[in-house]
Amino acid sequence: MRIASFQFVQRNLEYISGHTIKANDQLGQMSSGKRVEHASDDPVAANGILNYKQELRKIEQYRNNIDLANNRLSREEVGLTSGEIIAQQVKEIMLKANNPAITQQERNAFIAELDSHIDEMLDIANSTDEFGQAIFGGYQTDSAPFTRELDGSVTYSGDSGQREAQISDNVKVAINHDGELVFGGVPNPRGDFTVDYQLGGGARETSVTVESAKITDRGSFTDAHPYNIKFVESTPPEPGKVSYTITDGNGNVTPAAPGVLPYQPGAKMTVDGVDIVIKGDAKVGDEIQLSANASSGRGQNEVGVFDILNRAKAWLESDGHNPSGQGEISDILSELDAMGSHFTRVRADTGNRMNRLDNQLNTHIEMDLTLNKLRGGMEDLDYAKAAGEFSQTMVALQASQTMFGKMQSMSLFNYI
């Protein structure tokens, strides 16, 4: 078969050009460190690499969400820890102030100190994250959720929404506790009602306190608060003996005949499905009122942080060294203990959420390493193998160039 000079030259140029392109591609791979730079390099591997990269980008977004959630929960944890400290500090103030020997100047100092703690607590309740969003406002994050009114009361304008962060395909973690729960959900240590003491003067062996007032029979409970417990003379009169009557909000009196139910400290009294336990040296004429802040059918089993603090402040501003005041400070101290425990429980829940974030982050880190290893096996270049292939390509290219040069210079005229 005859091969024309043109065909010979064309074939050799194509061969040299092909090896040159192959060498350049190999150099590019060695420079980038990637075996597959374009889908055409290896279509099957390119599809797998694309899937791995999508998973890696998703993991990166989840890790960013975890960082954001950790920051917000960490700020919340700091606020709750400060709340625990304030509850203890206020309790110490109340214990110091419950001394008949203190002067008015000392009392005023205690009031000022307590007022500053209320401001601190308000600052905690209105704390914000790194983006200026209210931590304890529920979904209402653009403004301060708590406002202190002129009368000293504090109102909540947020909601009970709970924001969540997506930290995995099927896992979400709440990144806040709403203010209604944190600052309005302190379990009532007395049960389901708040107490107002109206006790007479005179010496007593022990202070009169309501140990508990709980709804135990919701089937018969009519929510007819307030319940007014009045201590009356026993019938027939007996020295040192006291009886009681209970009048509900509808005017119903139990028992109908006053003086026939003897008061026994620590014994259970029952009215309208409510069990009441009172301890202490009650006197004829003493009255105790049980009430709730709403008619909800469940009493008032929770009290607010700021209500507790304002009640403590009101006690300091009045003369609490009397039978009524002693009963009230017993309640206040119990509520302060309940407040501190409540902050501790919420903080523990915050810690559990942060542990979940840490566990999920570790899972993402391990998955990131695994996916990168798999992606690298498809995409990354084996330098030792690539260097050998590049060397072979260069040898073939140099050989073809040398042969082409020699063949091109051959002619019959050189042998005539």
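Conventions we followed
Residues numbered from 1 in each chain as written. Predicted model: local features only at pLDDT ≥ 70, side-chain atom pairs only at ≥ 80, totals over all residues. Heavy atoms only, no water. Core = buried A, V, L, I, M, F, W, Y, C linked by side-chain atoms within 4.5 Å. Buried < 20%, exposed > 50% of the residue type's maximum accessible area, 1.4 Å probe, protein only. Helix = DSSP H or I, 4+ residues; strand = E, 2+ residues; numbered from the N terminus. Pairing = 2+ DSSP bridges. Axes fitted to C-alpha atoms, helices over the stretch in contact; angles between N-to-C directions. Contact = heavy atoms within 4.5 Å. Polar contact = N/O pair within 3.5 Å; in protein donor to acceptor, adjacent residues only side chain to side chain. Expected span 1.5 Å × (residues − 1). Parallel < 35°, antiparallel > 145°, perpendicular 65-115°, else oblique. Nonpolar A, V, L, I, M, F, W, Y, C, P; charged D, E, K, R; others polar. Phe/Tyr/Trp six-rings, centres within 6.5 Å; stacked < 30°, edge-to-face > 60°. Salt bridge = Lys/Arg side-chain N within 4 Å of Asp/Glu carboxyl O.

## Side note on the nonpolar core
- In this structure, M94, M121, F183, F306, L316 and M339 are the most contacted members of the largest nonpolar core, which totals 39 residues.
- Within the residue set of this core, elements represented by two or more residues are helix 2 (43–97), helix 3 (104–125), helix 4 (179–184), helix 5 (305–317) and helix 6 (323–379).
- Core analysis: the next-biggest nonpolar cluster, separate from the first, contains 26 residues, L199, I215, A224 and I276 among them.

## Details of the sheet that holds strand 12 (residues 274–279)
- Reading across from one edge, 7-12-11 is the order of the three strands in this open sheet, with antiparallel pairing throughout. Every other strand in the sheet has two partners, leaving strand 7 (209–215) and strand 11 (268–271) as the edge strands with one partner each. Neighbouring strand axes in the sheet, compared pairwise and without regard to direction, differ in orientation by 20 degrees on average.
- Here strand 7 pairs with strand 12 via six bridges, running antiparallel. In the strand pairing of strand 12, A213 is matched with I276.

## Let's talk about the environment of K313
- Summarising the element assignment, K313 is placed in helix 5.
- Each C-alpha atom of the pair K313 and G152 lies 10.0 Å from the other, and the pair is 161 residues apart in sequence.
- Residues contacting K313, with those up to four places away along its chain left out, are I111, L114, D115, I118 and R148.
- Within polar-contact distance, the side chain of K313 engages the side chain of D115 at 2.9 Å.

## Notes on helix 5
- If you check helix 5, its first and last C-alpha atoms are 19 Å apart, about what 13 residues at 1.5 Å a residue would give, namely 18 Å.
- A large share of helix 5 lies buried, amounting to 10 of its 13 residues.
- Along helix 5, the positions that sit buried rather than exposed are V305, F306, I308, L309, N310, R311, A312, K313, W315 and L316.

## Side note on the sheet that holds strand 13 (residues 287–291)
- If you walk across this open sheet you meet the five strands as 6-13-8-9-10, and the pairing is antiparallel. Every other strand in the sheet has two partners, leaving strand 6 (194–198) and strand 10 (253–254) as the edge strands with one partner each.
- In the sheet, strand 8 (residues 227–233) pairs with strand 13 via four bridges, with the strands oriented antiparallel. Directly across from I229, in strand 13, lies its bridge partner I288.

## Observations concerning the packing of helix 3 against helix 5
- Two numbers describe how helix 3 lies on helix 5: the axes approach to 9 Å, and their chain directions differ by 170 degrees. It follows that helix 3 is roughly antiparallel to helix 5 by the angle criterion. Residue-level contacts link R107, F110, I111, L114, D115, I118, M121, L122 and A125 of helix 3 to V305, F306, L309, N310, A312, K313, W315, L316 and E317 of helix 5.
- For the contact of helix 3 with helix 5, the class distribution of residues is 13 nonpolar, one polar and four charged.

## Things to note about the packing of aromatic side chains
- Enumeration over the complete set of coordinates arrives at nine aromatic pairs.
- Between F146 and F306 the ring centres are 5.9 Å apart and the planes differ by 50 degrees, which places this aromatic pair in the tilted class. Here F306 lies in helix 5 and F146 lies in strand 1 (residues 146–148), a separation of 160 residues in the sequence.
- Classification of F146 by relative accessible area gives buried; the value is 6%.

## Focus on the side chain of H342
- Mapping H342 onto the fold places it in helix 6.
- When its relative accessible area of 4% is taken as the criterion, H342 is described as buried.
- At a separation of 3.0 Å, a polar atom in the side chain of H342 contacts the main-chain carbonyl oxygen of V182.
- Excluding residues within four positions of it along the chain, H342 makes contact with L181, V182, G185, V186 and P187.

## Examining the pattern of salt bridges
- Enumeration according to the criterion identifies 17 salt bridges in this entry.
- For D169, the salt bridge identified is with K58, shortest N-O distance 3.8 Å. In this pair, D169 is assigned in the loop between strand 3 (164–168) and strand 4 (171–174) and K58 in helix 2, connecting sequence segments 111 residues apart.
- Judged by its relative accessible area of 31%, K58 falls in the partly exposed class.

## Some remarks on unusual backbone geometry
- A cis geometry characterises the amide bond from H225 onward to P226, with omega recorded as 5 degrees.
- Along the chain, P226 turns up in the loop between strand 7 and strand 8.
- Positive phi is not limited to glycine here, since D223 has a value of about 60 degrees.
- Turning to its location among the elements, D223 is positioned in the loop between strand 7 and strand 8.
- For D272, which is not glycine, the phi dihedral falls at a positive 55 degrees.
- Along the chain, the position of D272 falls in the loop between strand 11 and strand 12.
- Using a relative accessible area of 17% as the deciding quantity, one classes D272 as buried.

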